[in-house]
Amino acid sequence: MGELLGDAGQGAVTRVGTVLRAPKTAELIATHLRRQIVRGELKPGETLPSEVHLMEQFGVSRPTLREAFRILEAESLIGVRRGARGGAQVLEPDPMVAARHVGLLLQLQGTTIRDVYEARMVTEPVCARMLSARRTEQDIADLRAVLDHLREIVDAGFEAVPDMATWANASYRFHELIMQRCGNKTLAVQGAVLADIVDAHVRQSLERELEKNEDLRPRFRKTLRSFSRAITLIEAGDGDAVEKHWRKHMEGAATYLFPKGTVNTSVVDLFG
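Keep in mind it's a predicted model, so treat the numbers as computed, not measured.

### A look at helix α4 (residues 62-74)
Here α4 spans 18 Å end to end across 13 residues, near enough to the 18 Å set by a 1.5 Å rise per residue. Of all the residues in α4, the buried ones are Thr-64, Leu-65, Ala-68, Phe-69 and Leu-72. One side of α4 holds all its buried residues, which, seen down the axis, span an arc of 145°. Structural note: α4 exposes Pro-63 and Ala-74 on the side pointing more than 90 degrees away from its buried face. If you follow the buried residues of α4, they end up packed against α2 (25-38), α3 (51-58), β1 (78-81) and β2 (87-90). Just downstream of α4, Ser-76 is the residue with a positive phi angle, here 60°.

Right under this line is the structure:
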């Protein structure tokens with residue numbers, strides 16, 4: 001356990017007189033294994049050594065080791081299968097884990113949907129510029145595939161669409177690709193984290209307008225033209241033009257998502 005204690009104490013700075021809680025042994029084991037996973041020493045799909053082996057390695061009891069496993073399971077870093085052929089296996093990173101935590105934090109802080117959208121308006125146009133400088137044939141193909149899927153939805157007529165989530169999910173996928181492929185991993189994760197919030201708000205906005213018997217097809221076709229223009233500019237490597245275009249696109253979308261006179265919905269109300 002000396003190695004674990006050494007890991008846990010690195011970089012700790014406390015004030016004199018501060019009451020400290022000594023970390024539990026299970027927390028120290030979880031920290032040690034988490035660090036190995038993050039560093040790539042334990043890779044997705046790899047099975048951890050047996051419980052007996054780990055108990056001997058860390059000098060702990062089975063309940064303590066299983067408590068450490070529960071911590072890592074809650075973080076979706078490992079999956080534990082019980083039984084004779086069971087064991088703990090390292091999982092692929094799941095952006096939804098971060099999304100749930102960030103979503104909860106935004107709700108606790110009373111964050112509004114407009115606040116979330118403003119953050120996207122700052123980052124996405126810049127991501128579009130970055131993508132235009134780094135784009136690959138696969139990036140362009142994937143963007144075109146999303147556009148083709150959206151065209152199919154519009155051409156089929158919305159009586160053939162089961163719910164507005166179909167359009168919301170597909171259209172946000174275009175935004176998500178711009179952030180994922182821009183070359184900046186931090187922005188890519190941000191896009192994935194905000195996806196649920198954006199999808200939910202777009203879906204609710206569209207459903208409200210459908211209740212008014214509004215024909216949304218002209219607006220959706222306008223969106224398709226805008227997406228097509230963005231692809232053309234990205235493929236041409238015109239960073240200035242695509243950044244300007246994407247900012248204008250998002251400003252235009254905001255007039256529909258946040259019409260005058262509507263309440264600035266909080267994130268917690270959105271999922272209430």
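Having seen it, we continue.
### Topic: the packing of helix α10 (residues 217-236) against helix α11 (residues 239-257)
Between two packed helices, the angle of one axis relative to the other and the distance separating the axes together describe the packing. Running from N to C, α10 and α11 point in directions that differ by 165°, and their axes come no closer than 9 Å. Taken together, the axis directions place α10 and α11 in an arrangement best described as roughly antiparallel. α11 is crossed by α10, and the crossing has left-handed handedness. Along the contact surface, α10 presents Arg-219, Thr-223, Ser-226, Phe-227, Arg-229, Ala-230, Leu-233 and Ile-234, while α11 presents Ala-241, Val-242, His-245, Trp-246, His-249 and Tyr-256. Counted by class, the contact of α10 with α11 contains eight nonpolar, four polar and two charged residues.

### So, the packing of α2 against α4
Axis separation between α2 and α4 bottoms out at 8 Å; the angle between their running directions is 55°. If you check the angle between α2 and α4, you find them oblique. For α2 against α4, the interelement crossing comes out right-handed. Touching Thr-25, Ala-26, Glu-27, Ile-29, Ala-30, Leu-33 and Arg-34 of α2 are Thr-64, Leu-65, Glu-67, Ala-68, Phe-69, Ile-71 and Leu-72, all from α4.

### Observations regarding the packing of aromatic side chains
Summed over the entire model, instances satisfying the criterion amount to four aromatic pairs. Geometrically, the ring pair formed by Phe-174 and Phe-227 is stacked, given 4.1 Å between the ring centres and 5° between the ring planes. Here the residue Phe-174 occupies a position in helix α8 (residues 164-180), and Phe-227 occupies one in helix α10, the gap between them amounting to 53 residues. Relative accessible area serves as the criterion here: at 0%, Phe-174 is assigned to the buried category. Taking the relative accessible area as the measure of exposure, Phe-227 reaches 1% and is therefore buried. Ring geometry for Phe-174 and Trp-246: centres 5.7 Å apart, planes at 35°, overall tilted. Placement of Phe-174 in helix α8 and of Trp-246 in helix α11 is noted, with a sequence separation of 72 residues between them. Each member of the aromatic cluster is reached from another via a ring pair, and the members are Phe-174, Phe-227 and Trp-246. Note that Arg-219 overlies the ring of Tyr-256, its terminal NZ or CZ placed 3.9 Å from the centroid.

About the criteria used
Residues numbered from 1 in each chain as written. Predicted model: local features only at pLDDT ≥ 70, side-chain atom pairs only at ≥ 80, totals over all residues. Heavy atoms only, no water. Helix = DSSP H or I, 4+ residues; strand = E, 2+ residues; numbered from the N terminus. Expected span 1.5 Å × (residues − 1). Buried < 20%, exposed > 50% of the residue type's maximum accessible area, 1.4 Å probe, protein only. Arc of directions from axis to C-beta. Contact = heavy atoms within 4.5 Å. Axes fitted to C-alpha atoms, helices over the stretch in contact; angles between N-to-C directions. Parallel < 35°, antiparallel > 145°, perpendicular 65-115°, else oblique. Left-handed = near helix turned anticlockwise from the far one by under 90°. Nonpolar A, V, L, I, M, F, W, Y, C, P; charged D, E, K, R; others polar. Phe/Tyr/Trp six-rings, centres within 6.5 Å; stacked < 30°, edge-to-face > 60°. Lys NZ or Arg CZ within 6 Å of the ring centre and 35° of its normal.

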